[in-house]
Amino acid sequence: MKKIFNTTFSLPFFFTIFFLEMPAIKNRDTIPPECQVTKWNLPTELKPTALKTENTKNLPVLVQRLPVGCCENDDSCLDARIYDGEQEEIADKKALIKSIDQSLKYLRTRRAAATYQRYKISGITRDRVYRSLQRFRQLVLSTNSPQELQTAIEKEFVYYQSIGRDSQGTVLFTAYYEPLYLASRKPTKEFKYPVYRLPPDLKSWTRPHPTRLELEGADGLQGSQSKLKGLELFWFRDRFEPYIIQIQGSARLKLTDGTETSIGYAGNTAHNYKSLGRTLVEAGKLPENGVTMPTIFEYFQKNPQDLNVYLPRNNSFVFFRETYGRSAHGSVGVPLTPERSIATDKSLMPPGALALIRAPFPFVKNNGELDNRTVSRFVLDQDTGGAIKGPGRVDYYLGTGDIAGDRAGVTVSNGQLFYLLLK
């Protein structure tokens, strides 16, 4: 267990955070309460009714409304990063245009055509989503300020707001990233925890599929005794690393021979995902509130014997393929863009569509502290995830490596989700 916290190569910050004092997440929002929440909630007259009846499956998950205007002196409703981020590494105008282009590419495919033929929300079609993206792209390139862009949006677009978890529009936001780990192509005494290729005969496996415990054992080392034998792809030093990669869906690897590569999602067993945090809460090991990746790792640092107890309780198991340095891709088959791509439940939400998210997110300041700020971001819906179910969940992609991992590990907040479509 000790090695989990002593990996020397580019381990995400929250793996080493327990040897340092955890910086407090400061919230510098000075937004009036009515601008923070009420203004962004689903208007009362638009809320779906009968949410507690047996007919909830037939209720709309997206409700059309007018764009949300800005409160006076409240810039949190504007995506200022589009215009003032030219000198920053992430989330500037170029990144947004790149992400838009990836969605446009997806929407031109037969796959997208087939998906939208099955999409059940009236008024949201592939053609409308495509035209909306084209027009929004033109506006981003032709406007010179977030205020100018917002004015154009209010004139030409309508919002479709998610009803969220509570019919008020409340959406739970988490974040994910692409970890960067040291790995080996061959097993050694040091590198002994594998990730696995997709079994070629997975479709013929008897259901229910084997559980995680049945596939790799309580200690994560028994794959050679199960259906996983011969499917090993790469080996890692720490028990947690393959598990984290299964949660995040991809990873970049620095190999022991000095080369670099990457792996991406290839498939999974037919079991529902269960979060490790939820498992520890249910077992009474962690309090109900405030569970983050750092608190989870801190628990296992103090109780390494419990790794073999609680990791196997997530029956879902993920398989990978080597992607040879390719950037992380979403479920719609296009590269993800840091801070401009999100994951939602694709059985409900329009794939590839333009969205606006608004929620508090942690940002790392120059002194290393985390600054929690409520921001609005235009994003593209390009991915999904095993834990992302229902209209009240969004996973926000933050990129690769240490800083992204630091931020993703403590991102848990409530906000709102909107899709933008031309009138």
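Per chain, residues are indexed from 1 in the order of the written sequence. Two thresholds apply to this predicted model, a pLDDT of at least 70 for residue-level local features and 80 or more for giving and counting side-chain atom pairs, whereas whole-chain, interface and lining totals are computed over all residues. The side-chain figures draw on all heavy atoms in the structure; neither hydrogens nor water molecules are used.

### Some thoughts on the overall build of the protein chain
Across its full length, the protein chain carries 13 helices and 15 strands. The contact rule is simple, with two residues in contact once any of their heavy atoms fall within 4.5 Å. A fraction of 78% describes how many contacts in the protein chain between residues 6 or more apart in sequence connect residues 24 or more apart. Of the accessible surface of the protein chain, which amounts to about 19500 Å², a share of 48% is contributed by carbon and sulfur atoms. Helix numbers and strand numbers start at the N terminus; a helix is a DSSP run of H or I with at least 4 residues, a strand a run of E with at least 2. Per-residue and other accessible areas follow the Shrake-Rupley method at a 1.4 Å probe size, with only the shown protein chains counted as cover for residues.

### A word on the nonpolar core
Buried Ala, Val, Leu, Ile, Met, Phe, Trp, Tyr and Cys residues that are joined via side-chain atoms within 4.5 Å together make up what is termed a nonpolar core. The classification of residues rests on relative accessible area computed with a 1.4 Å probe and restricted to protein chains. Under 20% of the type maximum is buried, over 50% is exposed, and intermediate values are partly exposed. Of all hydrophobic cores here, the largest spans 91 residues; its most connected members are Phe136, Phe300 and Phe378. Looking at which element gives the most residues to this core, the answer is strand β12 (residues 354-364), with seven residues. Within the second largest apolar cluster, eight residues are counted, among which are Tyr196, Leu202, Trp205 and Leu215.

### Looking at the packing of aromatic side chains
A ring pair, where both rings are aromatic, is described by two values, the distance of the centres and the angle of the planes. Pairing of aromatic rings covers Phe, Tyr and the six-membered ring of Trp, with a centre-to-centre limit of 6.5 Å; geometry is then stacked below 30 degrees between planes, edge-to-face above 60, and tilted otherwise. Within this structure, the stated rule accounts for 16 aromatic pairs. Plain terms: the ring middles of Phe240 and Phe297 are 4.6 Å apart, the flat faces sit at 75 degrees to each other, and that makes the pair edge-to-face. Remark: Phe297 occurs in helix α11 (residues 293-302) and Phe240 occurs in helix α9 (residues 240-248); sequence separation between them is 57 residues. With a relative accessible area of 0%, Phe297 lands in the buried category. Ring pairing ties together the aromatic residues Phe240, Tyr243, Phe297, Tyr299 and Phe300, which thus form one cluster. Remark: a charge is flagged as sitting over a ring if the NZ atom of Lys or the CZ atom of Arg is within 6 Å of the ring centre and within 35 degrees of the ring normal. Of note, Arg373 hangs over the ring of Phe363, and the distance from its end group to the ring centre comes to 4.0 Å.

### Some details on the confidence of the model for the protein chain
When pLDDT is low, close inspection of the predicted coordinates is not appropriate. The pLDDT value tells you how sure the predictor is about a given residue, anywhere from 0 up to 100. In the predicted model, the protein chain carries a mean pLDDT of 88, and the fraction of residues at 70 or more is 87%. Within the model, pLDDT remains below 50 along residues 1-24, and this stretch shows 70 contacts once partners closer than five positions in the same chain are excluded. When the criterion is pLDDT under 50, residues 86-91 qualifies, and its contacts beyond four places in sequence or with other chains add up to 13 contacts.

### Focus: the packing of helix α4 (residues 93-107) against helix α6 (residues 126-142)
To obtain each axis, a line is fitted to C-alpha atoms, and for helices this fit is confined to the stretch in contact; angles are then taken between N-to-C directions over 0 to 180 degrees. For the pair α4 and α6, the least separation of the axes is 10 Å and the interaxial angle reads 160 degrees. Our classification of the angle between α4 and α6 gives roughly antiparallel. Like other packed secondary-structure pairs, α4 and α6 cross with a definite hand, here left-handed. For the pair formed by α4 and α6, the contact residues are Lys93, Leu96, Ile97, Ile100, Asp101, Ser103, Leu104 and Leu107 on the first element and Arg126, Val129, Tyr130, Leu133, Gln134, Phe136, Arg137, Val140 and Leu141 on the second. Partitioning the contact of α4 with α6 into residue classes produces eleven nonpolar, two polar and four charged. The labels follow the angle: roughly parallel below 35 degrees, roughly antiparallel above 145, roughly perpendicular from 65 to 115, and oblique for the rest. Working rule for handedness: look at the near helix, and if it is turned counterclockwise from the far one by less than a right angle, call the crossing left-handed; if clockwise, right-handed. Think of it as three bins: nonpolar holds Ala, Val, Leu, Ile, Met, Phe, Trp, Tyr, Cys and Pro, charged holds Asp, Glu, Lys and Arg, and polar takes everything else, Gly as well.

### Overview of the pattern of salt bridges
Salt bridge, as applied in this entry: a Lys or Arg side-chain nitrogen positioned within 4 Å of an Asp or Glu carboxyl oxygen. Per the counting criterion, the structure on display carries 16 salt bridges. Two residues, Glu156 and Arg135, come together in a salt bridge whose shortest N-O distance is 2.8 Å. Of this pair, Glu156 sits in helix α7 (residues 146-156) while Arg135 sits in helix α6, and the two are 21 residues apart along the sequence. Among the residues examined, Glu156 registers a relative accessible area of 22% and is labelled partly exposed. Arg135 sits in the partly exposed class, given a relative accessible area of 26%. Overlapping salt bridges, with partners in common, bring together Asp79, Arg340 and Arg377 in one network.

### Some points on helix α13 (residues 402-409)
With respect to burial, α13 is a largely interior element, six of its eight residues being buried. Buried within α13 we find Ala404, Gly405, Asp406, Arg407, Ala408 and Gly409.

### Concerning the sheet that holds strand β8 (residues 250-255)
With mixed pairing, four strands are arranged side by side in an open sheet as β5-β8-β9-β10. Among the strands making up the open sheet, the edge pair consists of β5 (180-183) and β10 (318-322). Neighbour to neighbour, the strand axes of the sheet diverge by 40 degrees on average, direction disregarded. Pairing between β8 and strand β9 (residues 260-268): five bridges, direction antiparallel. Across the sheet, residue Leu253 finds its bridge partner in β9, namely Thr261. Two strands make a pair as long as DSSP finds a minimum of two bridges between them.

### Points about the pairing of strand β14 (residues 393-400)
Counted residue by residue, β14 has seven buried out of eight residues, so it is predominantly covered. Relative to β14, strand β4 (residues 171-178) is paired through six bridges, and the arrangement is parallel. Looking at the pairing, Glu178 lines up with Thr400 of β14. The pairing of strand β11 (residues 341-343) with β14 spans two bridges and is classified as antiparallel. Paired with Ile342 across the bridge in β14 is Tyr396.

### Let's talk about the environment of Leu78
Along the chain, the position of Leu78 falls in the loop between β2 (62-65) and α3 (81-84). Assessed through its relative accessible area of 9%, Leu78 is described here as buried. For the pair Leu78 and Pro146, spaced 68 residues apart in sequence, the C-alpha separation works out to 5.8 Å.

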